[in-house]
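Here is how the chains run, residue by residue.
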Amino acid sequence: MQRKTVIFIADSLDNAHKFQQVLSKMDVEVVAGSSSHFKSLLMQEPSCDLVVYEASGKAQASVS
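Conventions used here
- Residues numbered from 1 in each chain as written.
- Predicted model: local features only at pLDDT ≥ 70, side-chain atom pairs only at ≥ 80, totals over all residues.
- Heavy atoms only, no water.
- Helix = DSSP H or I, 4+ residues; strand = E, 2+ residues; numbered from the N terminus.
- Buried < 20%, exposed > 50% of the residue type's maximum accessible area, 1.4 Å probe, protein only.
- Core = buried A, V, L, I, M, F, W, Y, C linked by side-chain atoms within 4.5 Å.
- Phe/Tyr/Trp six-rings, centres within 6.5 Å; stacked < 30°, edge-to-face > 60°.

You can see Pro-46 is positioned in the loop between helix H2 (38-44) and strand S3 (50-54). Judged by its relative accessible area of 69%, Pro-46 is exposed. Residues Pro-46 and Thr-5 lie 41 residues apart in sequence; the distance between their C-alpha atoms is 10.0 Å.

If you want it as structure tokens, here you go:
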């Protein structure tokens, strides 16, 4: 079974840490970063399996 990669984008990385703890039990690698790092993380992990984008405030405008 191939390990899956998830990119978790949030400006508060507390949730990313919790997300990582849960998914680590399912053999999933979580790469976390802020919304300003979104494009660079996608370039580093071009074959990621899932992107979770937690956005609030000003960051919501950059989601589109």
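Now that the structure has been shown, the text picks up again.
The biggest cluster of nonpolar side chains holds 7 residues, and these are Val-6, Phe-8, Ala-10, Ala-16, Leu-23, Val-28 and Val-30. Of all the secondary structure elements, the ones that give two or more residues to this core are strand S1 (4-10), helix H1 (14-24) and strand S2 (28-33). It is S1 that contributes the most residues to this core, 3 residues altogether. The next biggest cluster of nonpolar side chains, apart from the first, holds 5 residues, and it includes Ile-7, Ile-9, Val-31 and Leu-41.

The phi angle at Asp-27 is positive, at roughly 60°, despite the residue not being glycine. Along the polypeptide, Asp-27 turns up in the loop between H1 and S2.

On to the packing of aromatic side chains. Here the structure, examined in full by the defined rule, presents 1 aromatic pair. Residues Phe-38 and Tyr-53 carry aromatic rings whose centres are separated by 5.1 Å and whose planes lie at 85° to one another, so their mutual orientation is edge-to-face. Here Phe-38 is found in helix H2, whereas its partner Tyr-53 is found in strand S3, with 15 residues between them in sequence. With relative accessibility at 21%, the residue Tyr-53 sits in the partly exposed group.

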